[in-house]
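Chain by chain, the residues run as shown.
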Number of protein chains: 2
Amino acid sequence: MLKLRSSPASPFGRKVKIAAKLLGVFERIEVVATSTTEPDDPIRALNPLGKIPALELGDGATLFDSRVIVEYLDHLAGGGRVIPAEPEERFAALRLQALCDGLCDAALLQVYEFRMRAEGERSQNWLDLQAGKVTRTLAALEASPPPVGQGIGEIALACALGYLDLRFEGRWRDEHPRLVTWLDAFAAATPAYAETAPH
Amino acid sequence: MLKLRSSPASPFGRKVKIAAKLLGVFERIEVVATSTTEPDDPIRALNPLGKIPALELGDGATLFDSRVIVEYLDHLAGGGRVIPAEPEERFAALRLQALCDGLCDAALLQVYEFRMRAEGERSQNWLDLQAGKVTRTLAALEASPPPVGQGIGEIALACALGYLDLRFEGRWRDEHPRLVTWLDAFAAATPAYAETAPH
C-alpha cells in the first residue's frame, strides 16, 4: 500500500489524487492527513522540505514533489498516460503543468503572507509581485485555453483554478469566461475533480 | 538557435547550463541576461510567471521551468542521458532534483525577504521556516551523500550548494564535511561546474 501525505486544500495534493484516479491506481493509495505547520508531524522526517504531497512507497523511500509523484504513478500505470510519451505532446503538457504549478506557488505565497506573518510584517510590494504572476498567467490562459488531452497539464490547470476558488473567492471567474467554460468542461469529463474538492 | 533567458546567479539557470554542457547541446544555446525585477524585461511576456530560466525554442514557443527545460535538452541529446531512463535510477534522480530545487526555493525566499521588502516588513518566523527547510535538507544529505551517477539530481545538488556559497557565505561548509567532499569530487569531474560559476 502506498501512503500519500497531503491535506484536502493542497492544490498539489489534489493534482496527485486526480492523476491517481485517472490512472486507476487510487485504490492502492492510503491518503493520510498531514500538517506542514505542526513541527511534530512526520512530514518533516519524510521530506526534509516539510512539504506536501509526499508519497511513502512502503520500502522506506518517500517520493516528492507532486510532479515526481505523478510521473511515478504514471509509470506504475504503464507509462505515457497522464504524461504523454510523444515529445510534442509531452512538452506541451509539462510546460502547462509548470505554468499552473507556478500559479499555485504565487497564490500560496499570498495566503502565507497572512497566515505565517504578524500583521505589521506584511508587504504590499511582495503581494503585488505574486498577484502579478497570477494575473499574467490567467490572462495568457484566457487568451488561449488549452485544448483537451494535455494530461497532467489540464489536471494542474483545474487544480490551480480550484485553489483560486477556494482561497480567493473565485474572483478569477469574472474576467475569464473562457477559462470558466474550460473548467466546467473539464469537471464534467472528469468526476475525479468533484471527488477531490476540498471540503 | 535556442535562447536561454537566465541570470548568472540563478541556481536553476546554472542547472540548465551544466546539463546542456554535459549533453553536448550548449553550443546550440545563446544565453541572454534577463532581469526578473525589471517590468519591461521580455521575460514576463515569454513566461507569465516572470521566472527564469526560460528557453525560447525559436518557433515562438518558450519552455519553462528548469526541470522541463532539462528534460527537453535531454530529449534533444537522445534521451536518458542526465535523466536516467531506467525507473529506479530515474526516480532517485528526480527525487534528488526535487529536494535540491526545494532547498534553492527556501534559500531564495530568504534572499527575497531582504531584497523585496522594506526593513519593517521582515518576519523572523518566515525566515526561520525557510532556514529550517535548508537545515533539514543539508542534514539529510550529509547523513547520506548521493552516490555518483544520479544525473540531474547531482547537478541540482551542486547548484544548490553553489547558491549557498554565493548568498550565505558558504556557512554550510562548517558542519557538512561529507558534502564538501562530495562537491569537490563533483566539481573535479565536471568542468561545467566551474565554467558556470556566478561572477
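Criteria and cut-off values
Residues numbered from 1 in each chain as written. Chains lettered and ligands numbered in written order. Predicted model: local features only at pLDDT ≥ 70, side-chain atom pairs only at ≥ 80, totals over all residues. Heavy atoms only, no water. Pairing = 2+ DSSP bridges. Helix = DSSP H or I, 4+ residues; strand = E, 2+ residues; numbered from the N terminus. Axes fitted to C-alpha atoms, helices over the stretch in contact; angles between N-to-C directions. Parallel < 35°, antiparallel > 145°, perpendicular 65-115°, else oblique. Left-handed = near helix turned anticlockwise from the far one by under 90°. Contact = heavy atoms within 4.5 Å. Nonpolar A, V, L, I, M, F, W, Y, C, P; charged D, E, K, R; others polar. Buried < 20%, exposed > 50% of the residue type's maximum accessible area, 1.4 Å probe, protein only. Expected span 1.5 Å × (residues − 1). Arc of directions from axis to C-beta. 1 Å grid on protein atoms, 1.4 Å probe; cavity = no way out; pocket = protein on both sides within 12 Å on 5 of 7 lines; lining within 4 Å. Points joined across faces, edges and corners; volume = space filled by probe spheres on them. Phe/Tyr/Trp six-rings, centres within 6.5 Å; stacked < 30°, edge-to-face > 60°. Lys NZ or Arg CZ within 6 Å of the ring centre and 35° of its normal.

Novice: For the pairing of strand β2 (residues 29-33) of chain A, give the residues involved together with the corresponding values.
Specialist: Alignment of strand β1 (residues 2-6) of chain A against β2 of chain A, held across 5 bridges, turns out to be parallel. When the sheet's bridge partners are listed, L4 of chain A is paired in β2 of chain A with V31 of chain A.

Novice: An account of the packing of helix α4 (residues 87-115) of chain B against helix α5 (residues 124-143) of chain B is requested, with residue identities and associated values reported.
Specialist: Residues and elements named next belong to chain B. At a closest axis distance of 9 Å, the pairing of α4 and α5 adopts a crossing angle of 150°. For the element pair α4 / α5, the angle class is roughly antiparallel. Handedness of the α4/α5 crossing: left-handed. Where α4 approaches α5, its residues L96, L99, C100, L103, A106, A107, L109, Q110, E113 and F114 are matched on the opposing element by W126, L127, Q130, A131, K133, V134, T137, L138 and L141.

Novice: Kindly report on the packing of helix α6 (residues 152-167) of chain B against helix α7 (residues 177-189) of chain B, identifying the contributing residues and their values.
Specialist: Residue and element names in this part refer to chain B. Contact geometry of α6 with α7 gives a least axis separation of 10 Å together with a crossing angle of 115°. When the axis of α6 is compared with that of α7, the two are roughly perpendicular. The interaxial crossing formed by α6 with α7 has left-handed handedness. Taken together, the residues of α7 that come into contact with α6 (itself represented by E154, I155, L157, A158, L161 and D165) are L179, W182, L183 and F186. Considering only residue class, the contact of α6 with α7 consists of 8 nonpolar, no polar and 2 charged.

Novice: Account for the side chain of T62 of chain A, with residues named and values stated.
Specialist: As for its placement among the helices and strands, T62 of chain A is situated in strand β4 (residues 62-63). The exposure class of T62 of chain A is buried, given its relative accessible area of 4%. For T62 of chain A, the contacting residues outside a window of four places in its chain are L46, A54, L55 and E56 of chain A together with R95 of chain B.

Novice: How would you summarise α7 of chain B if you had to cite specific residues and measurements?
Specialist: All names here are of chain B. For α7, with 13 residues, the first-to-last C-alpha span of 19 Å sits near the 18 Å given by 1.5 Å per residue. By the burial criterion, the buried members of α7 are L179, V180, W182, L183 and F186. Angular distribution of buried residues about the axis of α7 spans 160°; they occupy a single face of the element. Facing away from the buried side of α7 by more than 90 degrees, the exposed set consists of T181, A188 and A189. Close packing links the buried residues of α7 with α5, α6 and α8 (191-195).

Novice: Tell me about empty space enclosed by the protein, and name the residues and values.
Specialist: Under the criterion given, the structure shown has 3 cavities of 30 Å³ or more. Estimates place the volume of the largest cavity at around 180 Å³. Lining the largest cavity are 14 residues, with R67 and E71 of chain A together with R67, E71 and L94 of chain B positioned closest to its centre. Secondary-structure elements contributing two or more residues to the lining of the largest cavity are α3 (66-76) and α4 (87-115) of chain A together with α3 (66-76) and α4 of chain B. With 4 residues, the single largest contributor to the lining of the largest cavity is α3 of chain B. Grouping the amino acids of the lining of the largest cavity by side-chain chemistry returns 8 nonpolar, 2 polar and 4 charged.

Novice: Describe the packing of aromatic side chains, listing the residues and the values that go with them.
Specialist: On inspection of all chains with the given rule, the structure shows 8 aromatic pairs over all chains. Both rings, one in Y72 of chain A and one in F91 of chain B, keep their centres 5.2 Å apart while their planes meet at 85°; by these two values the pair is edge-to-face. Of this pair, Y72 of chain A sits in helix α3 while F91 of chain B is found in helix α4, placing the two residues in two different chains. Since its relative accessible area comes to 8%, F91 of chain B is described here as buried. Where F186 of chain B meets Y193 of chain B, the ring centres are 5.9 Å apart and the plane angle is 85°; that geometry is what we call edge-to-face. Each member of the pair F186 of chain B and Y193 of chain B is classed as buried. Counting every residue linked through ring pairs, the aromatic cluster contains W182, F186 and Y193 of chain A. A cation sits over an aromatic face here: K21 of chain A above F26 of chain A, 4.4 Å from the ring centre. Seen from the ring of Y193 of chain B, R14 of chain B lies directly overhead, with NZ or CZ sitting 3.9 Å from the centre.

Purely geometric stuff here, so don't read any function into it on its own.
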